[in-house]
Amino acid sequence: VQLQVSGGGLVQAGGSLSLSCTASGNFFGISAMEWYRQAPGSQRELVAGITNGGSTNYAGSVKSRFTISRDNAKNMIHLQMDSLKPEDTAVYYCKAEIVVKKYEGYDLWGQGTQVTVSS
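Since the model is a prediction, treat every value here as computed from it, not as a measurement.

Visitor: So what's going on with the state of the cysteines? Residues and values would help.
Guide: Per the stated rule, a full pass over the model turns up 1 disulfide. A disulfide bridge connects C21 with C94, and the sulfur atoms are separated by 2.0 Å. For the disulfide bridge between C21 and C94, the dihedral angle about the S-S bond is near -80 degrees, and by the sign convention the bridge is left-handed. Within this pair, whereas C21 is found in strand β3 (residues 17-24), its partner C94 is found in strand β9 (residues 90-101), the two being separated by 73 residues in sequence. Each member of the pair C21 and C94 is classed as buried.

Visitor: Tell me about the pattern of salt bridges, residues and numbers included.
Guide: Within the structure shown, the criterion is met by 6 salt bridges. Residues E45 and R37 are paired through a salt bridge, measuring 2.7 Å at the closest nitrogen-oxygen approach. D107 serves as the salt-bridge partner of K95, at 3.6 Å between the closest nitrogen and oxygen. Here K95, found in strand β9, pairs with D107, found in strand β10 (residues 104-109); they are 12 residues apart in sequence, far enough to count as distant. Residue K95 is classed as buried on the basis of its relative accessible area, which comes to 9%. The exposure class of D107 is partly exposed, given its relative accessible area of 43%. In this structure, a network of salt bridges that share partners links the residues R37, E45, R65 and D88.

What counts, and where the lines are drawn
- Residue numbers here run from 1 along each chain, matching the order of that chain's written sequence.
- Per-residue local features of the predicted model are confined to residues with pLDDT of at least 70, and side-chain atom pairs are confined, for both listing and counting, to 80 or more; whole-chain, interface and lining totals are unaffected and use all residues.
- Where side-chain values are given, they derive from all heavy atoms of the structure, hydrogens and water being excluded.
- Cysteine sulfurs are considered disulfide-paired once they come within 2.5 Å of each other.
- Where helices and strands are cited, they refer to DSSP runs of H or I of at least four residues and of E of at least two residues respectively, numbered from the N terminus.
- Buried, partly exposed and exposed residues are distinguished by accessible area as a fraction of the type maximum, computed with a 1.4 Å probe on protein chains only: under 20%, between the cut-offs, and over 50%, respectively.
- Any Lys or Arg side-chain nitrogen found within 4 Å of a carboxyl oxygen on Asp or Glu counts as a salt bridge.

As C-alpha cells, this is what we get:
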C-alpha cells in the first residue's frame with residue numbers, strides 16, 4: 001500500500017495551489033485521511049482532515065482558506081489552498097488510516113511535497 005502525493009510548488013502570496021493524495025494497493029478500506037505540514041524548525045502540524053463519511057476539520061490558521069475533499073471511489077483526497085500566505089510555506093504530507101480488517105489498521109504516510117509562498 002502506498003500514498004502518491006502530487007501538487008505543490010511555488011506561488012505568490014494570495015495565490016492558490018492544490019494537492020492530491022491517492023492510495024493504492026491491497027487494503028480493506030481507509031478511515032480518515034489528513035494533510036499535515038512541517039515548516040523548517042517547526043513540528044509537523046495537522047492542516048486538515050476528512051473522514052470516510054465526509055466530515056472535515058481544519059487548523060484554525062487555514063480555516064476558510066483551505067478546502068479538503070475526498071473521492072472514496074478513487075481513494076483520493078484533495079486539498080485546495082486559496083489566499084496563500086508566506087506562513088503556509090512548508091512541506092506538506094498526506095496521511096491515511098489504512099484498514100486491513102475490522103478493528104485492525106495502521107497509519108500510512110505519503111512523501112512530502114513542498115509548498116512555497118513568496119511575499
